[in-house]
Amino acid sequence: MSIAFALLLVVFIGAFLIRIPLAYGMMAAGIVYLVASDTDLGLFAQVTMNGLYSKFVLLAVPLFIFMAQIMNDSTVTEKIFHFAHAIVGRMPGGLAQVNVVNSVIFSGMSGSAVADASGTGLVEIKAMANGGYPKDFACATTAATSTIGPIIPPSIPMVIYAYLSATSVGMLFAAGMLPGLLLAGMQMVLIFFIAKRRGYPREMWPGLGQTIGRFLVAVPALLTPVILLGGIYTGVFTPTEAAAVASMYALVLAFIVYRALGPRGFYSMFQTTVRQSATVGLIVGGAFIINYAVAIEGIPRAFADAILSLSQDPLVLLILINLLFLVMGMFLDTMVLLLIMIPV
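Notes on the structure follow. (Residues numbered from 1 in each chain as written. Predicted model: local features only at pLDDT ≥ 70, side-chain atom pairs only at ≥ 80, totals over all residues. Heavy atoms only, no water.)

**Remarks on the packing of aromatic side chains**
Next up, step 1: Within this structure, the stated rule accounts for seven aromatic pairs.
Next up, step 2: On the basis of an interplanar angle of 40° and a centroid distance of 4.9 Å, the ring pair of Phe137 and Tyr200 is categorised as tilted. Placement of the pair is Phe137 in helix α9 (residues 135–146) and Tyr200 in the loop between α11 (169–198) and α12 (208–233), with a sequence separation of 63 residues.
Next up, step 3: Residue Phe137 is classed as buried on the basis of its relative accessible area, which comes to 10%.
Next up, step 4: Looking at Tyr200, the relative accessible area reads 12%, which means it is buried.
Next up, step 5: Relative to Phe193, the ring of Phe192 lies with its centre 5.5 Å away and its plane at 90°, an arrangement referred to as edge-to-face.
Next up, step 6: The exposure class of Phe192 is partly exposed, given its relative accessible area of 30%.
Next up, step 7: Taken together, Tyr133, Phe137 and Tyr200 form an aromatic cluster joined through their ring pairs.
Next up, step 8: The residue whose ring lies beneath Lys79 is Tyr258, and the NZ or CZ to ring-centre distance is 4.9 Å.
Next up, step 9: Taking the ring centre of Trp205 as reference, the NZ or CZ of Arg90 above it sits at 4.8 Å. (Phe/Tyr/Trp six-rings, centres within 6.5 Å; stacked < 30°, edge-to-face > 60°. Helix = DSSP H or I, 4+ residues; strand = E, 2+ residues; numbered from the N terminus. Buried < 20%, exposed > 50% of the residue type's maximum accessible area, 1.4 Å probe, protein only. Lys NZ or Arg CZ within 6 Å of the ring centre and 35° of its normal.)

**Concerning helix α13 (residues 239–257)**
Next up, step 1: When α13 is considered as a whole, its buried residues turn out to be Pro239, Thr240, Ala242, Ala243, Ala246, Ser247, Tyr249, Ala250, Leu251, Leu253 and Ala254.
Next up, step 2: Elements in contact with the buried residues of α13: α4 (60–73), α11, α12 and α14 (263–296). (Contact = heavy atoms within 4.5 Å.)

**Some words on the nonpolar core**
Next up, step 1: Ranked by size, the top nonpolar core spans 97 residues in total, and within it Met26, Phe64, Val159, Phe173 and Ile290 carry the most contacts.
Next up, step 2: With ten residues, the top contributor of residues to this core is α14.
Next up, step 3: Setting aside chain neighbours within four positions, we find Met26 in contact with Phe12, Ile283, Gly286, Ala287, Ile289, Ile290, Val336 and Ile340. (Core = buried A, V, L, I, M, F, W, Y, C linked by side-chain atoms within 4.5 Å.)

**Section: unusual backbone geometry**
Next up, step 1: The residue after Pro153, namely Pro154, is reached through a cis peptide bond having omega 0°.
Next up, step 2: Among the secondary structure elements, Pro154 is positioned in the loop between α9 and α10 (156–165).
Next up, step 3: The backbone of Arg19 shows a phi angle near 65°, a positive value even though the residue is not glycine.
Next up, step 4: Structurally, Arg19 is set in the loop between α1 (3–17) and α2 (22–36).
Next up, step 5: Owing to a relative accessible area of 75%, Arg19 belongs among the exposed residues under this scheme.

**Considering the layout of surface pockets**
Next up, step 1: Taken as a whole, the largest pocket holds about 1500 Å³ of empty space.
Next up, step 2: If you go around the largest pocket, you meet 45 residues; those closest to its centre are Pro150, Pro157, Thr334, Met335 and Leu338.
Next up, step 3: Within the residue set of the lining of the largest pocket, elements represented by two or more residues are α4, α7 (113–118), α10, α11, α14, α15 (299–310), α16 (314–328) and α17 (334–341).
Next up, step 4: Looking at which element gives the most residues to the lining of the largest pocket, the answer is α16, with seven residues.
Next up, step 5: Of the residues that constitute the lining of the largest pocket, the class distribution is 32 nonpolar, twelve polar and one charged. (1 Å grid on protein atoms, 1.4 Å probe; cavity = no way out; pocket = protein on both sides within 12 Å on 5 of 7 lines; lining within 4 Å. Points joined across faces, edges and corners; volume = space filled by probe spheres on them. Nonpolar A, V, L, I, M, F, W, Y, C, P; charged D, E, K, R; others polar.)

Below, the structure is given as structure tokens:
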């Protein structure tokens with residue numbers, strides 16, 4: 001490891017410890033590396049801009065953010081919540097079970113844990129608190145169920161992973177469905193036993209008529225993942241085009257079907273989308289310059305050799321990599337972790 005790379009690590013870790021935003025910390029570390037290695041600073045702009053604008057698939061990220069924001073700012077999330085309530089509300093720990101099912105459905109629209117937690121999560125926590133559940137349990141359940149968002153397609157982290165690893169986005173989406181449903185199923189089983197032990201209440205079943213009524217009201221929203229994934233797997237459009245089509249469909253739902261969004265609401269929603277997309281763009285751009293330094297220093301090969309020296313068994317390697325991501329995930333955001341570690 002060169003002195004320049006050591007300085008990069010010092011600046012990056014230092015920026016993290018003093019709570020400088022990660023994007024700026026990575027950019028600062030990259031600039032320090034270029035200066036210390038006597039490299040033309042023009043390379044900074046070249047690496048970051050080429051990375052951001054060279055892949056069409058990255059356009060899906062702001063589109064998925066836009067779609068999730070539409071769902072959150074309109075009444076779509078409430079329609080989904082009421083439908084989930086009618087299906088699983090009468091199970092032990094009813095509202096917590098609703099929380100899981102709600103996240104599964106919303107995951108097929110947002111692709112983001114943050115969008116799930118900030119949108120449907122607020123409705124779920126309030127409902128659980130009013131229903132007699134401890135607030136810490138309500139918050140913990142919502143935080144846990146929100147992690148289904150990046151697993152069940154569409155998934156923003158999967159789009160980033162596909163870009164970094166030259167993998168098919170459609171294949172990644174297909175691969176995420178079963179693990180996402182298994183995760184949701186295990187969460188529901190755990191809630192069942194906790195609710196039984198602690199005596200958490202069940203919800204009253206609204207009856208067949210109301211259940212059918214809530215389903216019919218929610219059908220237009222439930223069709224969003226069908227349109228999105230159906231279009232991809234039938235080859236009608238690419239994942240990026242699918243994100244655009246789904247965003248347009250979400251606009252139709254908000255403005256015409258549910259009539260829950262006006263011009264002012266749209267402007268505010270658009271501002272939020274631009275801010276969130278810009279944040280992701282800065283993080284991605286900062287990570288590219290870090291990746292450049294990592295590649296120049298030969299870190300991927302050294303890291304691979306170190307891991308392979310421990311074991312060459314595929315299962316053991318997967319366990320080691322998962323443990324590494326578990327530890328690093330305690331400190332780094334998912335997006336940053338992917339951008340730094342996947343090339344390695």
